[in-house]
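Inside the fold
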Amino acid sequence: GKTSCGFVRKMTSSAARAAAIRHVTVIGGGLMGAGIAQVAAATGHTVVLVDTSEDILKKSATGIEGSLTRIAKKKFADKPEAGQEFVQKVLKNISTSTDAASAVRTTDLVVEAIVENLKTKQELFSALDKVAPDRTIFVSNTSSLPIADIASSTARLDRFGGLHFFNPVPMMKLVEVIKTSQTSQETFDTLVDFSKALGKHPVLCKDTPGFIVNRLLVPYLMEAIRLHERGHGSKEDIDMAMKLGAGYPMGPFELLDYVGLDTSKFIMDGWNEMEPENPLFAPSPLLNKLVAEGKFGKKTGEGFYKHK
């Protein structure tokens, strides 16, 4: 008899691409990695969360459960049982491991969210490149390092891109999808579809410093510090002015304290090294002084402001 193959309609290409990523390996159990793992698991993906120690992974798992419980309380306000069921169902999709190499052997996507150090990232990807399947796509969640520099440690330049999520990942809708000059169109399209499958809004970025958000945001934060350094406005007035005059939810000094002064300085220093002649990337003596004094913002109890 006739085969029915001809009648099986091809899946639409975007559905096929979204289905191409079922198993996700997230490397790095910090705030970002745990958030990415949580969102992937909540949208039906099988997730392995990898870090170097069981202790870190225990903390990650506790954080994920807490976050899911808060979401469930809102989502299932009048049905606590359904909420509990939701939390358990999502947690079932996540397993943890301290062995990155074995975790990536059958994975569709590797998302790296470890420390912002180029050499450390290159060493990780170089090792994983040797054991992951050819089809596996690699991405970094870096906010300030060039994706091409990280990818250069691997032999899959066409299957390497950036997926930059925002903190807190479960709440923030944006994902910057970064396409290097070597990233294939198919890889890029798959990453866009994966972002949509997570319920996020993807934007296309080139592999340039800070992509879109940080390229505009960090220089703005630095300009606020410089304005204050010149004696042209108090921290409180600048914060109030940007909140009431530009509709920003936080003023620049509040945001710097929230993000971490050490993090902001680290990003700026890196860009200043890349483009020393760019005045937007110039260092700030006041920022350097606060960081040298260990005043990193909220996390240390003091930055531009004191925190309880």
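Predicted, not measured: the structure shown is a model, and the values here were computed from it.

Turning our attention to the overall build of the chain. Counting its regular elements, the chain contains 13 helices and 8 strands. Against the 2.2 N^0.38 benchmark of 19 Å for 308 residues, the chain shows a C-alpha radius of gyration of 21 Å, consistent with a compact globule. The C-alpha extent of the chain, read off along each of the three principal axes, is 85 × 50 × 40 Å. Residues classed as buried in the chain amount to 43% of the 308 residues present. In the chain, of all internal contacts separated by at least 6 residues, the share reaching a separation of at least 24 is 65%. For the chain, the distance from the average site of its 38 positive side-chain charges to the average site of its 35 negative ones is 6 Å.

Turning our attention to the sheet that holds strand β5 (residues 137-140). One open sheet holds the 8 strands; their spatial order is β3-β2-β1-β4-β5-β6-β7-β8, and the pairing between them is mixed. Of all the strands in the sheet, just β3 (94-97) and β8 (201-206) have a single pairing partner and so form its edges. Between one strand axis and the next, the sheet turns through 25 degrees on average, direction left out of account. Judged from the 6 bridges that link them, strand β7 (residues 174-179) and β8 form a sheet pairing that is parallel. Paired with glutamate 176 across the strands is valine 203, a residue of β8.

So, about the UniProt feature "binding site: CoA" (unreviewed entry) in the chain. Mapped onto this numbering, the UniProt entry annotates "binding site: CoA" (unreviewed entry) at Ser67, Lys74 and Ser143. These annotated residues cover 77 residues of sequence, and their C-alpha atoms sit far apart, with the largest distance between any two at 30.4 Å. Its location among the elements puts lysine 74 in helix α3 (residues 54-75). Taking the relative accessible area as the measure of exposure, lysine 74 reaches 70% and is therefore exposed. Locating serine 143 in the fold gives a position in the loop between β5 and α7 (147-151). Each residue touching serine 143, except ones within four places of it in the same chain, is listed here: Glu116, His164, Gly210, Phe211, Asn214 and Ile267.

Another aspect to go through is the packing of helix α11 (residues 252-259) against helix α12 (residues 261-274). Between two packed helices, the angle of one axis relative to the other and the distance separating the axes together describe the packing. Two elements in contact, α11 and α12, have axes whose closest approach is 5 Å; the angle formed by their N-to-C orientations is 95 degrees. On the basis of the axis angle, α11 is roughly perpendicular to α12. Of α12, the residues touching α11 (which contributes Leu256, Asp257 and Val259) are Leu261, Thr263 and Ser264. Per-class residue counts for the contact of α11 with α12 are 3 nonpolar, 2 polar and 1 charged.

Once that is clear, we can look at helix α2 (residues 31-42). Helical geometry note: an α-helix holds 3.6 residues per turn, so side chains three or four residues apart project in the same direction. If you check α2, its first and last C-alpha atoms are 16 Å apart, about what 12 residues at 1.5 Å a residue would give, namely 16 Å. Burial analysis of α2 places 9 of its 12 residues in the buried class, the great majority of the element. Taken together, the buried positions of α2 are Gly33, Ala34, Gly35, Ile36, Ala37, Gln38, Val39, Ala40 and Ala41. In the segment just after α2, glycine 44 is the residue with positive phi, at about 90 degrees.

With that settled, the discussion passes to the UniProt feature "site: Important for catalytic activity" (unreviewed entry) in the chain. The feature "site: Important for catalytic activity" (unreviewed entry), as annotated in UniProt, sits at His164 in this numbering. Within the secondary structure layout, histidine 164 lies in strand β6 (residues 160-165). Judged by relative accessible area, which is 5%, histidine 164 ranks as buried. Once residues lying within four places of it in the same chain are set aside, the contact partners of histidine 164 are Asn141, Thr142, Ser143, Leu174, Val175, Glu176, Ile178, Phe211 and Asn214.

Take the environment of valine 115 next. The topology assignment puts valine 115 in the loop between β4 (109-112) and α6 (118-131). Valine 115 gets classed as exposed once you look at its relative accessible area, which sits at 52%. Distance from valine 115 to threonine 142, taken between C-alpha atoms, is 8.7 Å for residues 27 residues apart in sequence. Once you skip the residues sitting within four places of it in the chain, valine 115 turns out to touch Thr120 and Lys121.

Before going further, it helps to spend a moment on the environment of phenylalanine 211. Looking at the secondary structure, you find phenylalanine 211 in the loop between β8 and α9 (213-229). The class of phenylalanine 211 is buried, set by a relative accessible area of 6%. Separated by 25 residues in the primary sequence, phenylalanine 211 and glutamate 186 have C-alpha atoms spaced 20 Å apart. Apart from residues lying up to four places away in sequence, phenylalanine 211 is in contact with Thr142, Ser143, Leu145, Ile147, His164, Glu176, Ile178, Cys205 and Lys206.

Turning our eyes to something else, we now look at the packing of aromatic side chains. Where two aromatic rings form a pair, the distance of their centres and the angle of their planes describe that pair. This model, assessed by the stated rule, comprises 7 aromatic pairs. Ring geometry for phenylalanine 125 and phenylalanine 160: centres 4.8 Å apart, planes at 65 degrees, overall edge-to-face. Here phenylalanine 160 lies in strand β6 and phenylalanine 125 lies in helix α6, a separation of 35 residues in the sequence. The exposure classification of phenylalanine 125 matches that of phenylalanine 160, with both residues buried. Centre to centre, the rings of phenylalanine 138 and phenylalanine 160 are 6.2 Å apart; their planes meet at 75 degrees, and the pair counts as edge-to-face. Taken together, the positions of phenylalanine 138 in strand β5 and phenylalanine 160 in strand β6 put the pair 22 residues apart, joining distant regions of the chain.

What counts and how
Residues numbered from 1 in each chain as written. Predicted model: local features only at pLDDT ≥ 70, side-chain atom pairs only at ≥ 80, totals over all residues. Heavy atoms only, no water. Helix = DSSP H or I, 4+ residues; strand = E, 2+ residues; numbered from the N terminus. Rg over C-alpha atoms; globule rule 2.2 N^0.38 Å. Buried < 20%, exposed > 50% of the residue type's maximum accessible area, 1.4 Å probe, protein only. Contact = heavy atoms within 4.5 Å. Lys, Arg positive; Asp, Glu negative; His and termini not counted. Charge placed at Lys NZ, Arg CZ, Asp CG, Glu CD. Pairing = 2+ DSSP bridges. Axes fitted to C-alpha atoms, helices over the stretch in contact; angles between N-to-C directions. UniProt positions renumbered as here; feature names shortened; annotations may be inferred. Parallel < 35°, antiparallel > 145°, perpendicular 65-115°, else oblique. Nonpolar A, V, L, I, M, F, W, Y, C, P; charged D, E, K, R; others polar. Expected span 1.5 Å × (residues − 1). Phe/Tyr/Trp six-rings, centres within 6.5 Å; stacked < 30°, edge-to-face > 60°.

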